[in-house]
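# Observations on the model geometry
The primary structure of each chain is shown beneath.
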Amino acid sequence: MPAKSQSHYEVIVIGAGVAGIYQIKLLSDLGIDATVLDAAGDLGGTWYWNRYPGSRFDSESYTYGYSFSKELLNEWHWKERFSSQPENRRYLNYVADKFDLRKYMQFNCKVESAHFDETNDLWRLRINDGRELTCHFVIMAVGLLSIPTPPRFKGMDKFKGRSFHTFYWPHEPVELAGKRVAVIGTGATGIQVIAEIADKVGDLTVFQRRPNWSAPLNNGPISNVEMADIRARYDEIFKTCARTPGGFEHEPDRRGFYETSREERVALWDKLYDSPGFAIWLRNFREIFTDEKANAEFSTYIADRIRRRVKDPAVAEKLIPRDHGFGVQRVPMETHYFEAYNRDNVHLVDISETPIVEVTETGLRTTQRDYEFDIIVYATGFDAITGAFDHIDIQGVDGVKLRDQWSEGPSTFLGMMVHGFPNFLMPSGPQSGSASTNYPRGIETGVNWCTNLLKYMRKHGYTRADATLGAQERWAAHVKEMYSAMLMRKAKSWFTGYNSNVPGHEHGKIRYLVYNGGSPKYVSKIREVADKDYAGIVFGRRSSRSGKGVGGEHFEEVAR
Ligand code: NAP
């Protein structure tokens, strides 16, 4: 771990998750004096925190691992097609240890503020342990879903049993046998946890406000032989991921929806329903994402699948979404989720009909009745994408606060920079390609781009980079335009900035948070900027008037 006495770095990376680990690897390779700060007790980000039962990838494991080291790819054996949280955390620790990255990381360090000091061209970071650290560059590797949002029910502190948000699932084993458990929320997290604990608890009551479309994950083990084959094909696998819109192995069916017969469509869907992972979503016809009628036909197909799996027809109907079509929100992948409702110890409460009124000392009260529980699990989602930025007091030039600037939604340049916040880089920021792709594939792109920008600046002796307002406005308009064709723009989900537990986000007013143009287009856009000597960025260099280094420096914009 870096000496706590060191107070200045060239680069400070915030976040030791998937992006932060790769970022510090590249910085250390370049010999740049850098540290990584993380509020958690150890590295891993998402995979450090989300320890709830059932937590696992919905990306094929071998497309989730880092691609930067052949040696690493050859050493690591993914045991399951969709690997579980403990294994994922073990992987990230393995990577950090293999490349000796831990020595750059500082844990239990929550960054409370980051202010740009214009006079000295420095970022000043205040840490929760009382330290002030300075650096020339801040790199935000804060993750997309790192601020959990519990509900705001009356009486939540009164409950005498155990209660927690899934993100904060206790690190020590939780005794579930014989317990009366409530799960609130049926997003990807709720669906995973419900399916996993249904046969382990005494009694499980699911409180569902809106159902989600969900389809089988079709997980399975990866044998030594299969892993050897995967290793031999890694180049090809990553090449496929790079050319698909979502950064997965799954490529859309390029036949036109309306050019195929109903029988052909159903044949495809029957095959996809039994295929692993997001195939059902991403190997489908492209019209599913853009055409109401095509989407409705496919949604009806999935609704019938749900009816076939849930014995009680009334329960089945409640599990079928009515307010949005399949795939216009991120699709939760499940393993025996629907079958959980066939168990006698599992009950579904539709809180759109009988809302939760309060948490009591012994359980939950809805408008209809009281329920008693030993454990209440809040699977109620995240202040997605911008939340982690809003939780730090970030101030740029002239003390402008980022959270004020983004109060109606973010505006960025390439999802990686913000005008007026010089030397502030976001390899997986709002409106970047990482936000809507297979995450590691996206962050490798973002981290590479940010690192290349640093290299370019070093080569030219630049010490300051800021996106122009014009370039930022053009990017924000492009991001907005990419939403216009997609049905997802109409859905109330974290892709559009909806969250009923975050003030200002509860009404579902659309925020343009993710880049919807697909990975290949995103990569070509950011590459074009780099190839044109980073058009859209104004560079500057410090000229030392006093020659005294950091404190006595003066900034000059560089004419290009
Ligand atoms: P989410 O998709 O936002 O779902 C939150 C759920 O909680 C929704 O069902 C929501 O109902 C409900 N809810 C929220 N506030 C509530 C309240 N006050 N009262 C009652 N119900 C409430 O969050 P998530 O399930 O954590 O998933 C977020 C994202 O994390 C996923 O989309 C995915 O990207 C990622 N994730 C990935 C995996 C994986 O397999 N790798 C697993 C889990 C999560 P409404 O719909 O009515 O708002």
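Rules used in this analysis
Residues numbered from 1 in each chain as written. Predicted model: local features only at pLDDT ≥ 70, side-chain atom pairs only at ≥ 80, totals over all residues. Heavy atoms only, no water. Axes fitted to C-alpha atoms, helices over the stretch in contact; angles between N-to-C directions. Helix = DSSP H or I, 4+ residues; strand = E, 2+ residues; numbered from the N terminus. Parallel < 35°, antiparallel > 145°, perpendicular 65-115°, else oblique. Contact = heavy atoms within 4.5 Å. Nonpolar A, V, L, I, M, F, W, Y, C, P; charged D, E, K, R; others polar. Expected span 1.5 Å × (residues − 1). Buried < 20%, exposed > 50% of the residue type's maximum accessible area, 1.4 Å probe, protein only. Arc of directions from axis to C-beta. Salt bridge = Lys/Arg side-chain N within 4 Å of Asp/Glu carboxyl O. Polar contact = N/O pair within 3.5 Å; in protein donor to acceptor, adjacent residues only side chain to side chain. Domains from an automatic or database assignment. Buried area = accessible area lost by both parts, 1.4 Å probe. Phe/Tyr/Trp six-rings, centres within 6.5 Å; stacked < 30°, edge-to-face > 60°. Core = buried A, V, L, I, M, F, W, Y, C linked by side-chain atoms within 4.5 Å. Near = heavy atom within 4 Å. Areas by Shrake-Rupley, 256 points an atom, 1.4 Å probe, with all protein chains shown as cover. Pairing = 2+ DSSP bridges.

When two helices pack together, their arrangement is given by the angle between the helix axes and by the axis-to-axis distance. In the contact formed by helix α17 (residues 469–484) and helix α18 (residues 519–531), the axes pass within 14 Å of each other and the chain directions differ by 170°. The angle between α17 and α18 places the two elements in the roughly antiparallel class. Taken together, the residues of α18 that come into contact with α17 (itself represented by Trp475, His478 and Met482) are Lys521, Tyr522 and Lys525. By residue class, the composition of the contact of α17 with α18 is three nonpolar, one polar and two charged.

A rise of 1.5 Å per residue sets the reference length of α17, with its 16 residues, at 22 Å; its end C-alpha atoms lie 23 Å apart and thus fit the reference within 8%. What α17 keeps buried is the set Ala471, Gln472, Trp475, Ala476, His478, Val479, Met482 and Tyr483. Buried positions in α17, seen along its axis, are confined to an arc of 160° and lie on one side of it. Close packing links the buried residues of α17 with α15 (402–405) and α18.

All chains considered together, the criterion is met by 47 salt bridges. Among the ionic pairs, Lys160 bridges to Glu361, the shortest N-O distance being 3.0 Å. Placement of the pair is Lys160 in the loop between β6 (132–140) and β7 (162–165) and Glu361 in the loop between β13 (356–359) and β14 (363–366), with a sequence separation of 201 residues. Classification of Lys160 as exposed rests on a relative accessible area of 62%. Among the ionic pairs, Lys532 bridges to Glu528, the shortest N-O distance being 3.1 Å. Overlapping salt bridges bring together Asp42, Arg89, Asp97 and Arg102 as one network.

It is worth spelling out the side chain of Asp117 at this point. Mapped onto the fold, Asp117 is located in strand β4 (residues 111–117). Taking relative accessible area as the criterion, Asp117 reaches 13% and is therefore assigned buried. Looking at Asp117, its side chain comes within polar contact range of the main-chain nitrogen of Thr119, at 3.1 Å. There is a polar contact of 2.8 Å between the side chain of Asp117 and the side chain of Arg124.

Moving on, we come to the domain arrangement of the protein. According to the domain assignment, the protein consists of domain 1 (8–147 + 384–557) and domain 2 (181–378). At the interface, 43 residues of domain 1 touch 45 residues of domain 2. In total, domain 1 and domain 2 occlude about 3600 Å² of area from one another, counting both sides; carbon and sulfur atoms represent 58% of this. The salt bridge partner of Arg330 is Asp58, with a shortest N-O separation of 2.8 Å. Applying the counting criterion to the domain 1 and domain 2 interface returns 24 residue pairs in polar contact (both at pLDDT 80 or more).

What follows covers the packing of aromatic side chains. Evaluation of the coordinates by the stated rule reveals 52 aromatic pairs. Centre to centre, the rings of Phe248 and Phe278 are 5.2 Å apart; their planes meet at 85°, and the pair counts as edge-to-face. You can see Phe248 sitting in the loop between α8 (234–243) and α9 (262–273) and its partner Phe278 sitting in the loop between α9 and α10 (279–282), a full 30 residues away along the chain. As far as burial versus exposure is concerned, Phe248 and Phe278 are alike and both buried. Taken together, a centroid distance of 4.8 Å and an interplanar angle of 55° make the contact between Trp269 and Phe298 tilted. Here Trp269 is found in helix α9, whereas its partner Phe298 is found in helix α11 (residues 292–309), with 29 residues between them in sequence. By relative accessible area, Trp269 is classed as buried at 0%. Connected via pairs of aromatic rings, a cluster forms that spans Tyr22, Trp47, Phe57, Tyr64, Tyr66, Phe68, Trp76, Trp78, Tyr91, Tyr94 and Phe99.

Ranked by internal contacts, the top residues of the largest apolar core, which has 138 residues, are Tyr66, Leu204, Ile280, Tyr341 and Trp449. When residues in this core are grouped by element, the largest group, nine residues, is from helix α16 (residues 439–460). Inspection of this core shows a minimum of three residues originating in each of domain 1 (8–147 + 384–557) and domain 2 (181–378). Filtering out sequence-adjacent residues up to four positions away, Trp449 remains in contact with Leu414, Met416, Met417, Ile526, Val529, Ala530, Tyr534 and Ile537. Judged by nonpolar contacts, the second largest core, of 28 residues, contains Leu125, Val142, Trp406 and Met426.

Lining the immediate environment of the ligand, one finds 26 residues, of which Thr186, Thr189, Arg209, Arg330 and Trp494 sit closest. Within the contact set of the ligand, an oxygen atom lies 3.0 Å away from a side-chain nitrogen or oxygen of Arg210. In isolation the ligand offers 910 Å² of accessible surface; the protein chains occlude 87% of this area. Broken down by element, the shell around the ligand gets its largest block of residues, three residues, from helix α6 (residues 188–197). In terms of residue class, the shell around the ligand is made up of twelve nonpolar, nine polar and five charged. Residue assignment places the shell around the ligand across two domains, with domain 1 (8–147 + 384–557) and domain 2 (181–378) each supplying three or more.

The sheet built from three strands is open, its strands ordered β13-β14-β15 with antiparallel pairing. Strand pairing shows two members of the sheet lacking a second neighbour, β13 and β15 (370–372), which therefore form its edges. Recorded for the sheet is a direction-independent mean angle of 20° between the axes of neighbouring strands. Alignment of β13 against β14, held across three bridges, turns out to be antiparallel. In the strand pairing of β14, Glu358 is matched with Arg365.

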